[in-house]
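So the chains spell out like this:
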Amino acid sequence: MKKILAAIFVLAAAAALHAEEGKGAVSRYQCVDLKGDKLWEAAVTTTPIIEEKDGFLTVEEGKGRYHGFKGITSRRYEMHFIKNKERLTPVSMSGKVFSESGKAVLELTQRFYPDRKEADYEVRNLLSGKEKKETVKYEGDIVNSMIMDAYIQRLLEAGVKKKTVYVLSDDAGLYRVTLRVIDKEEVTVNGKAREAYKISIDPEIGLLSPVKMFITKNYEWYSCEPPYEWLKFKGLESSVDSPVVEMTPLGD
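Given the structure is predicted, the values throughout are model-derived calculations rather than measurements.

Chemist: Just to check I follow, could you spell out the side chain of Glu 118 for this structure?
Modeler: Inspection of the secondary structure assignment puts Glu 118 in strand E7 (residues 118-125). Glu 118 sits in the buried class, given a relative accessible area of 14%. A polar side-chain atom of Glu 118 sits 2.3 Å from a polar atom in the side chain of Lys 137. Excluding residues within four positions of it along the chain, Glu 118 makes contact with Arg 111, Phe 112, Tyr 113, Thr 135, Val 136, Lys 137 and Tyr 138.

Chemist: Even after reading the chapter, I still don't get unusual backbone geometry, so can you show me in this structure?
Modeler: One can expect most non-glycine residues to show negative phi and most peptide bonds to be in trans. Note the cis peptide between Pro 226 and Pro 227, where omega equals 5°. Considering the arrangement of structural elements, one finds Pro 227 in the loop between strand E13 (219-223) and strand E14 (230-236). For Asn 190, which is not glycine, the phi dihedral falls at a positive 55°. Classification of Asn 190 by relative accessible area gives exposed; the value is 51%.

Chemist: I tried to follow the confidence of the model for the chain on my own but got confused; where do I start?
Modeler: Any segment with low pLDDT has predicted coordinates that should not be analysed in fine detail. Summarising the model, the chain shows a mean pLDDT of 86, and 85% of its residues fall at 70 or more. Taken as a whole, residues 1-22 scores under 50 in pLDDT and shows 91 contacts with residues more than four places along the chain or in a different chain. The low-confidence segment residues 207-214 (pLDDT under 50) makes 10 contacts with residues lying over four places distant or belonging to another chain.

Chemist: Just to check I follow, could you spell out empty space enclosed by the protein for this structure?
Modeler: Leftover empty space is mapped by rolling, across the atoms, a probe with the size of a water molecule. Per the counting criterion, the structure on display carries two cavities of 30 Å³ or more. Estimated volume of the second largest cavity: approximately 50 Å³. Considering the residues around the second largest cavity, the lining is formed by Ile 152, Leu 155, Leu 156, Val 160, Lys 161, Lys 162, Lys 163, Leu 179, Arg 180, Val 181 and Ile 199. At the level of secondary structure, the elements contributing two or more residues to the lining of the second largest cavity comprise helix H2 (148-157), strand E10 (162-168) and strand E11 (174-189). Of the residues belonging to the lining of the second largest cavity, the class tally is seven nonpolar, no polar and four charged.

Chemist: Got a minute to help me understand H2 in this structure?
Modeler: Side chains three or four residues apart in an α-helix point the same way, a direct result of the helix having 3.6 residues per turn. Taken across its 10 residues, H2 has eight buried, putting it largely inside the fold. Three or more residues of H2 are buried, namely Met 148, Asp 149, Ala 150, Tyr 151, Ile 152, Gln 153, Leu 155 and Leu 156. Once H2 ends, the next one or two residues include Gly 159, with phi positive near 75°.

The rules behind the values
- Residues numbered from 1 in each chain as written.
- Predicted model: local features only at pLDDT ≥ 70, side-chain atom pairs only at ≥ 80, totals over all residues.
- Heavy atoms only, no water.
- Helix = DSSP H or I, 4+ residues; strand = E, 2+ residues; numbered from the N terminus.
- Buried < 20%, exposed > 50% of the residue type's maximum accessible area, 1.4 Å probe, protein only.
- Polar contact = N/O pair within 3.5 Å; in protein donor to acceptor, adjacent residues only side chain to side chain.
- Contact = heavy atoms within 4.5 Å.
- pLDDT = per-residue confidence, 0-100.
- 1 Å grid on protein atoms, 1.4 Å probe; cavity = no way out; pocket = protein on both sides within 12 Å on 5 of 7 lines; lining within 4 Å.
- Points joined across faces, edges and corners; volume = space filled by probe spheres on them.
- Nonpolar A, V, L, I, M, F, W, Y, C, P; charged D, E, K, R; others polar.

Here it is, written out as C-alpha cells:
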C-alpha cells in the first residue's frame, strides 16, 4: 500500500505558474518541516513552445533533503503539455535525480496518449539497477505532479467544488484522487494575509481501508480571487511513511 500511495501528496505543491501566450513565468517554492526548518527548495519555469500551438514546457529544478534519498540531492523535471481555453492535456514528462556529487541516481519518463486513454511510465533506479515499466489505461481526466496546480485552478475558474481525477505518480503508477473545496479561510504567505479556498486531496483507497483511517490529512490553499494562485500545501511530503511538511511559494 505504501508503494501505491507514493508521491500522492506532493501533487499540487509545484509553484503556481501561468505562462500566457508569448510570455514565460518563473517562480520558486520551498518545503519545510513543522518546526519551520527548510528541507528543500525548487525553482519552476514555464515557457510557451513557439513551434507548437498551445504547447508549453515547464522545467522544475530543486535541491535539498528530499524524503526517500540519502543526504542532499538535486533534481530536474521537464513537463510538456497543451493548454488552451478548452483543455489541459499532458504530453510527456522526464526527470532525473542526482546525488550531492552530481551522479544520476534515478530517471523517470511519462508519455500520455489521450486519444486512446493510455499512458506509459518508466522508472529506473540507477544505483540498484531496478526498473519499472508499465502502460496504464484511464477514464476521464489525467494529470501528474507537474500540472496538478493548473488543473485545480481550472476547476476553481469553472466553479467546480468536487472532482475525481486520475493521477500518474512519479514512481507508483496510476490511481484516483478526489479534489474537494471544503472551506474558505485566511492564510499568511510571505507576510501577507490572503483569503483562500481550502482543498482536500483524498486518495480513493476504500472508505474502510485501515491505511485511510490513519493517513494524515492533506490540504492545498488557493487564493479566492483569479487567477486562483497556489498559496500553501500541508500534508505528507511524498508517501505514507514520509513526514508532514508545509510548502509555500517564495517571494522575490
